[in-house]
Every structure is written in C-alpha cells, then in structure tokens.
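So you can see what is in the structure, the chains are spelled out below.
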Amino acid sequence: MFRHLFRMMWNKKKENFLLITEMLISFLVLFAVFTLLVYYYSNYRKPMGFEYENVWVAHFSSPIKTSDTDSLKQFFELLKKNIKALPDVEEISYCSTNVPFAQNTIENNGVEWISADDGYTRVLNIGLEEGRWFSSKDDVSKYKPIVINSSLKHELFGNEAAVGKMMGEKKEQQIIGVVADTKFDGDYSSAGKATFNRPDSNDVFEHMLIKVSPDANPALEGRVYKTLAGYMKESNIEIEHLTNKRTSINYFALVPMIVLSIVCCFLIINVALGLFGVLWYNINKRKGEIGLRRAVGATGNAVSFQLVSEALILATLSITVGTFFAIQFPLLNVFDLPAGVYIAAILLSVLFIYFLVLICSFYPGRQAAAIFPAVALHEE
Amino acid sequence: MIQLQNVEKVYRTDTVETMALNNISLSIAKGEFLSIMGPSGCGKSTLLNIMGLLDSPTKGGIRIDEQKTEQLSDKALAGFRNKKLGFIFQSYHLINDLNVLDNVELPLLYRKSSAKERRDLATEALGKVGLSNRVKHFPTQLSGGQKQRVAIARAIVGQPEIILADEPTGNLDSAMGNEIMDILLQLNKNEGTTIVMVTHDEHMARKTHRLVRLFDGSQVI
C-alpha cells in the first residue's frame with residue numbers, strides 16, 4: 001500500500017509542488033529555531049562556573065595621568081585598600097574591560113583574553129581544576145604566568161596535565177593553572193576558550209570587580225562611588241551590579257530566537273492552513289476515487305489512513321530535501337557549533353513537521369472516511 | 001446467488017421523501033447475466049448499489065451467496081465487496097495519477113497479496129481484455145473503450161463471483177459498446193461470472209439471459 005501511495009504522490013508531484021516547497025521552507029526555519037533552542041538549552045544546563053550575585057563592577061575612565069610604574073602601583077594598591085576597608089566589601093579585583101556579562105570581548109584567534117589580578121577568583125569564586133591562580137609568587141617568576149580555562153586546556157592538551165606547559169608565539173608564557181569554564185556571556189552562551197593574564201605593574205586599570213556581603217545596601221554603593229570619585233576627580237565613574245548585567249545580556253541573547261520563533265509561527269500556521277485546505281479540497285475533488293476505493297474493498301478507516309499517509313509522504317519529500325541541506329551544517333562545521341546540536345535540531349524539526357501534518361490531516365481523513373460510497377460514486 | 005426480498009429505499013430530506021425503490025424482490029442465479037432497464041431516475045443505479053453493498057436498503061433484506069448482509073460491519077462489508085464483487089461504472093472511475101497496471105491492481109491492495117502476485121494477476125486481467133500493450137499508459141492516454149476495458153480488468157482481477165456493471169457502454173459508441181459487451185459475455189460464458197448490468201440500450205439488454213424493467217422504483221417485468 002505504501003508503495004502504491006508513494007507512486008501516486010510522486011505522479012502528482014507537480015500539483016503538490018507548492019505545498020512541498022512550503023513544508024521545506026518551514027522545515028528549514030524550524031531547523032534554525034531548534035538549532036538555537038537546543039544550543040541555548042545545552043548552554044543553559046551547563047554551570048555558570050562563577051558567582052555573580054553580590055558582585056559589582058566599577059568602571060572609571062582615565063583614573064590617573066602618569067606612566068610611572070611605582071606611582072601607578074601605589075595608586076591602585078591604595079585605592080583597593082580603601083575600598084576594601086568599607087564595611088560589607090569582601091574582596092576586590094582589577095580586570096580588563098571584558099568583565100562578566102559585558103557584551104564586549106578581547107579575542108585572539110578565537111580565544112578570549114582576560115586580564116585579571118590576584119583577587120579575581122576570590123571575587124567570582126571560580127573553581128580551580130589544576131594548579132593555582134596568580135599570587136605574589138609570580139612577581140619574580142622567570143616566565144609570564146598564564147591561567148587557561150578547561151575548554152582551552154582540552155583543545156590544546158586533551159586529558160594531559162597543562163600546568164608547566166609553555167604557550168605563546170615565543171613560548172614565553174607558562175601555564176600555572178586551569179580554571180573551570182565560565183559563561184561570561186550569559187546563561188545561553190557557551191563558555192568558549194579563555195586565557196587569564198596577570199596584569200603588568202605599569203597597567204592602568206579602568207574596571208574593578210567588588211564582592212560585597214549579601215547585606216550590602218544602596219548606601220554602600222554610594223560610599224564606594226564617593227571613595228572612587230575622591231581618588232579620580234576627573235573620571236567618569238559607573239557602578240553596575242552583575243545580576244542586572246546578566247539579565248540584560250540574557251535578554252539580548254533571546255531576541256534573535258524570539259524573532260525567529262515569530263517568523264516560524266507564521267510559517268507553521270500557513271503550512272497548517274495550507275495542508276488543511278489542500279486535504280479538504282482533495283476530499284471534495286476526489287470523492288469519485290474515495291467511492292471507488294470503498295467499492296473495491298477499502299474500509300472507512302483505510303480511506304482515512306490513505307489521506308493521512310499521503311500528507312505524510314508529501315512531508316517526507318520535503319523533509320528529505322530539507323535534511324540534505326540541514327546536514328551540511330554539521331558536515332561543514334558552519335557556525336562552529338557541536339554536531340550534536342544540529343543533529344538534535346534536525347530530529348526535532350522532523351518530528352515537529354510530522355506531528356503538524358498528522359494533526360492537520362487527521363480531521364479531513366475522518367471526514368473522507370465518513371463519505372458513503374454510493375454518494376461519492378454518484379457525485380462523480 | 002443474489003436474493004433481494006421486499007427491498008425499499010427511501011431518500012429523505014427535511015421536506016421531501018422520495019421512494020427510490022418500492023418492494024423489489026429479485027433472485028439472481030449463479031452464472032446468470034441479468035440486465036436492468038428503465039427510464040432515468042427509476043432506481044436502476046440505486047438497485048445496483050444495494051446489490052453491491054454500496055448502499056443499504058431502508059426496508060427489506062439482501063442475501064449474497066446465502067449470506068445475510070444487513071448486520072455486517074463496515075470492515076466485513078468492505079471485505080465482502082473486495083472478494084465477491086467487481087464493479088464497472090459508466091464513467092470508468094479510473095485514477096488518472098496511476099498507470100493502467102496500478103489501476104487494475106487496486107482491489108488487490110485491500111487483501112493480503114504480495115507485490116509480485118498483484119502484478120501477475122493484473123497483467124493476466126489486462127491480457128483478458130486485450131490491453132497487454134498498454135500497461136504503462138495513464139488513463140488520459142487511452143480512448144473511452146480502452147478505459148472501460150481497464151475498468152473491466154480491474155473488476156475481474158480479484159476473480160469475483162459477481163460483476164455489477166452500471167451502464168458500461170453508456171459513454172461509448174456502438175462499435176466500442178459491442179466490444180465491451182462481448183468481453184462481458186465471454187466472462188459470463190467462460191468464467192461463469194454472475195453479471196448484473198444496468199443499461200439503457202435495448203440491443204445490449206437482449207444479449208443477456210434475463211431482463212428486469214423498473215418504473216418509478218417498482219419492478220414491472
């Protein structure tokens with residue numbers, strides 16, 4: 001029976017071309033939506049890798065106009081000491097502009113470059129997987145110390161230990177530790193690969209992470225601001241909470257998915273109505289055929305099954321072509337996403353299209369089954 | 001082979017009640033070739049549909065091969081039609097999206113048979129109606145006479161004991177009509193198939209064993 005129906009639908013492919021095309025486009029849009037959904041969901045399920053609650057980030061522009069190393073060091077040490085002396089301030093760290101949830105990156109060959117001082121892991125409570133974080137011991141080290149994250153370690157060294165290995169173009173950096181992956185770009189983004197670099201003594205900092213106690217109140221924020229302003233009279237100072245920045249970056253991540261989902265919804269409604277209409281039209285147009293099939297031995301259920309099967313065959317034609325295009329994404333490693341994400345998205349799209357077709361063809365199929373054979377043959 | 005007892009068929013709408021068949025009792029023997037004649041709207045096709053279990057009588061009963069059919073379920077009726085009955089229609093009722101061979105195979109799809117078995121039986125049936133050279137053609141590529149021969153092949157492919165033909169020559173010229181009639185006569189003579197044929201053509205009806213005339217839903221001969 002299946003071969004018979006397939007042959008019949010194949011012979012009618014020109015008549016069904018528009019419907020097949022519509023289902024194909026829907027499949028591809030669904031594939032895009034599901035790829036995003038699966039990717040976001042798999043990232044969402046992974047741990048954040050750091051603590052962002054009760055962490056503030058202070059930005060200040062051009063804090064000091066000197067290039068003298070000693071003066072710079074003294075200035076930033078004193079500033080740190082004074083902020084830390086405030087009640088409810090637990091830890092402080094200077095870092096580069098790409099603070100967590102900052103929506104800006106400093107990348108080198110696809111690896112995030114982060115400058116972070118000795119207090120960074122204490123502020124963000126980042127877990128160490130191997131070795132250690134920066135400390136005063138590194139002031140006198142022969143090589144420039146570097147900490148890498150777990151993803152980079154696995155790419156470079158697999159399961160081997162990374163501590164002690166050299167990095168950089170001239171092998172001038174020595175890995176002293178490996179930290180857990182951190183989702184600095186929000187809940188829905190992947191951790192990516194990252195290196196953490198200890199600042200030089202002549203670096204000018206413009207960003208400070210402040211870990212405060214859970215009891216910290218807006219008054220403390222005011223006092224932090226005043227302290228910073230007291231030190232940097234000509235600076236623009238801004239204090240943000242990482243919890244707010246997380247909400248904001250998550251919102252931006254969801255926007256493309258929401259837009260695609262809306263487009264997808266319209267397409268699905270279109271396909272559903274199209275399918276419903278075509279099948280409804282088919283019942284009326286093919287009453288003679290339905291009557292004939294009943295006359296030669298088809299039960300009402302067999303007629304219903306036939307109409308549903310025909311719709312599923314059309315969907316299969318669309319899905320086959322759609323899968324051919326979709327499978328190119330993991331094969332060609334487009335967008336550098338894991339192949340599993342694409343495969344899951346293809347499977348979900350296939351299931352969704354079949355489910356949609358089944359739903360849309362079920363009622364017309366039942367209507368066809370209810371047609372009395374003599375009436376159907378007479379109308380022809 | 002077929003017994004109709006006091007069969008009545010009434011079509012009802014909200015305002016009108018039409019008596020299509022009125023107290024028809026008829027017995028058709030195995031191997032008989034019966035023709036039904038009468039003016040348009042006298043109930044010929046309704047009677048044929050009732051005999052073919054495509055429609056149910058309002059009153060009365062029908063037995064086919066000693067089997068009461070009133071209480072049969074949809075599935076049992078479908079099986080009965082598939083195995084015992086073959087249909088030929090005035091307008092052929094061929095599926096234009098299937099080639100000749102696939103059209104003829106159609107009844108066999110609703111019974112247990114392998115693809116090869118279906119193909120062999122369909123080819124054999126097409127041979128009997130002289131269309132072995134047209135198996136890959138589509139209905140739109142055939143003449144009216146050829147289409148009706150395909151319809152006959154489809155009706156006999158399942159080797160039914162009864163063939164019900166509703167004006168099989170109605171759409172054909174006399175030469176083509178005679179050809180179709182000859183095929184039906186051969187089937188009746190050689191295979192012993194019971195045939196009930198509705199016709200408007202007196203000349204064709206005279207070639208059959210018995211003639212039944214209907215008028216306003218009642219049997220007059």
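Predicted, not measured: the structure shown is a model, and the values here were computed from it.

Digging into the packing of helix α9 (residues 300–326) of chain A against helix α11 (residues 339–369) of chain A
Residues and elements named next belong to chain A.
Phase 1: Closest axis-to-axis distance for the α9/α11 pair is 8 Å, and the angle between their directions is 155 degrees. Viewed along their axes, α9 and α11 adopt a mutual orientation that is roughly antiparallel. Relative to α11, α9 is oriented so that their crossing is right-handed.

A short note on the interface of chain A and chain B
Phase 1: Residue-level contacts link 20 residues of chain A with 23 residues of chain B.
Phase 2: For the side of chain A that touches chain B, a count of residues per class yields ten nonpolar, six polar and four charged.

Describing the pairing of strand β7 (residues 162–166) of chain B
Residue and element names in this part refer to chain B.
Phase 1: Of all five residues making up β7, five are buried, and the element is well covered by its neighbours.
Phase 2: Both faces of β7 are covered, namely the face carrying Ile162, Leu164 and Asp166 and the face carrying Ile163 and Ala165.
Phase 3: Relative to β7, strand β6 (residues 85–89) runs parallel, the two being bridged by five bridges. In the strand pairing of β7, Phe89 is matched with Asp166.
Phase 4: Sheet topology places β7 next to strand β8 (residues 194–198); five bridges connect them, and they run parallel.

As for the sheet that holds strand β2 (residues 89–94) of chain A
Residue and element names in this part refer to chain A.
Phase 1: Strand order across the open sheet formed by four strands is β2-β10-β1-β11, with antiparallel pairing between neighbours. Bordering the open sheet on either side are β2 and β11 (237–241), each of which pairs with just one other strand. Going from strand to strand, the sheet's axes swing by 20 degrees on average, the running direction of each strand aside.
Phase 2: Both strand β1 (residues 55–60) and β11 contribute to a ladder of five bridges, which runs antiparallel. Residue pairing across strands places Phe60 opposite Ile237, the latter belonging to β11.
Phase 3: Lying over the sheet, helix α3 (residues 69–84) contacts β2 and β10 (207–212), oriented at roughly 160 degrees with respect to β2.
Phase 4: Packing against the sheet, helix α7 (residues 242–285) makes contact with β1 and β11, and its axis sits at approximately 75 degrees to β11.

Focus: unusual backbone geometry
Leaving glycine out, the prevailing phi sign among residues is negative, and the prevailing peptide bond configuration is trans.
Phase 1: Positive phi is not limited to glycine here, since A:Lys171 has a value of about 55 degrees.
Phase 2: Assignment of secondary structure puts A:Lys171 in the loop between β7 (166–167) and β8 (173–179).
Phase 3: With phi around 55 degrees, B:His93 is a residue other than glycine that occupies positive phi space.

Let's talk about the domain arrangement of chain A
Phase 1: Here the domain parsing of chain A yields domain 1 (2–46 + 254–379) and domain 2 (62–235).
Phase 2: At the interface, four residues of domain 1 of chain A touch five residues of domain 2 of chain A.

Cut-offs used in this document
Residues numbered from 1 in each chain as written. Chains lettered and ligands numbered in written order. Predicted model: local features only at pLDDT ≥ 70, side-chain atom pairs only at ≥ 80, totals over all residues. Axes fitted to C-alpha atoms, helices over the stretch in contact; angles between N-to-C directions. Helix = DSSP H or I, 4+ residues; strand = E, 2+ residues; numbered from the N terminus. Parallel < 35°, antiparallel > 145°, perpendicular 65-115°, else oblique. Left-handed = near helix turned anticlockwise from the far one by under 90°. Contact = placed C-beta atoms within 7 Å. Nonpolar A, V, L, I, M, F, W, Y, C, P; charged D, E, K, R; others polar. Buried ≥ 20, exposed ≤ 12 C-beta atoms within 10 Å, placed from the backbone. Pairing = 2+ DSSP bridges. Domains from an automatic or database assignment.

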